[in-house]
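Examination of the molecular architecture
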Amino acid sequence: MSYCLAYMTAASVEEAKTIGRALVGEKLAACVNVIPGMVSVYRWEGALEEAEEVVLIAKTRAEKFDALARRVAEIHPYDTPCAIRLDISGGLPPFLDWIAGETG
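The structure reproduced in this document is the subject of the present report. The shown structure was predicted, so the numbers you read here are calculated from the model rather than taken from an experiment. (Residues numbered from 1 in each chain as written. Predicted model: local features only at pLDDT ≥ 70, side-chain atom pairs only at ≥ 80, totals over all residues. Heavy atoms only, no water.)

Topic: the packing of helix H1 (residues 13–25) against helix H2 (residues 65–75)
Threshold: Axis lines are fitted to C-alpha atoms, over the contacting stretch for helices. Their N-to-C directions set the angle, which ranges from 0 to 180 degrees. A run of DSSP states H or I qualifies as a helix once it reaches four residues; a run of E qualifies as a strand once it reaches two. Both are numbered from the N-terminal end. Angles are sorted into four bins: roughly parallel if under 35 degrees, roughly antiparallel if over 145, roughly perpendicular if 65 to 115, and oblique for all others. In a left-handed crossing the near helix is turned counterclockwise from the far helix by less than a right angle, and in a right-handed crossing that turn is clockwise. Throughout, a residue-residue contact means that at least one pair of heavy atoms, one from each residue, lies within 4.5 Å. Classification used: nonpolar for Ala, Val, Leu, Ile, Met, Phe, Trp, Tyr, Cys and Pro, charged for Asp, Glu, Lys and Arg, polar for all others including Gly.
For the pair H1 and H2, interaxial distance at closest approach is 11 Å and the crossing angle is 140°. It follows from the interaxial angle that H1 and H2 lie oblique. When you trace H1 past H2, the crossing you get is right-handed. Counting all contacts with H1, which are made through Ile-19, Ala-22 and Leu-23, the residues of H2 involved are Leu-68, Arg-71, Val-72 and Ile-75. Per-class residue counts for the contact of H1 with H2 are six nonpolar, no polar and one charged.

Notes on the packing of aromatic side chains
Worth spelling out the cut-off: Working definition: a ring pair exists when centres of Phe, Tyr or Trp rings (six-membered ring for Trp) sit within 6.5 Å. Plane angles under 30 degrees give stacked, over 60 give edge-to-face, the rest tilted.
In total, this model carries one aromatic pair according to the counting rule given. Ring plane angle 35° and centroid distance 5.5 Å describe the contact between Phe-95 and Trp-98, whose orientation is recorded as tilted. Of this pair, Phe-95 and Trp-98 both sit in helix H3 (residues 93–102), three residues apart, which is roughly one turn of that helix.

Focus on the sheet that holds strand E4 (residues 83–88)
What counts here: In short, DSSP must find at least two bridges between two strands for them to pair.
With respect to topology, four strands assemble into an open sheet ordered E2-E3-E1-E4, the strand pairing being antiparallel. Taken across any chain shown, the strands that pair with only one partner, and hence form the sheet edges, are strand E2 (31–44) and E4. Adjacent strand axes in the sheet meet at a mean angle of 30° when their direction is disregarded. Taken together, the eight bridges between strand E1 (residues 3–10) and strand E3 (residues 47–61) define a ladder with antiparallel strand orientation. What sits directly across from Leu-5, in E3, is Lys-59. Relative to E2, H1 is tilted by about 130°, and along the sheet it contacts E1, E2 and E3. H3 contacts E1, E2 and E3 of the sheet and is inclined by roughly 95° relative to E3.

Next comes the structure, spelled out in structure tokens:
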């Protein structure tokens, strides 16, 4: 079995928690960390932008990532939400087993 992290962003802690609760509640992720206080600098529609955002990091099985990303796209208010996959190459077996159990 293979595992991954899903890295996402949201505009507020409440928005991030709503997304996190959906992903965990639907067994698309075992856990979602909500990390406030990030500042993003990016170009959007030709203009340089700067905004405070919240980072979400979800722990899941690699086979669940596509469904997780689709669900994020459905519930996220951004036109183009960030949801990228970071594969996990190793970890403590009991923790990885926990991820498997929570997303089974």
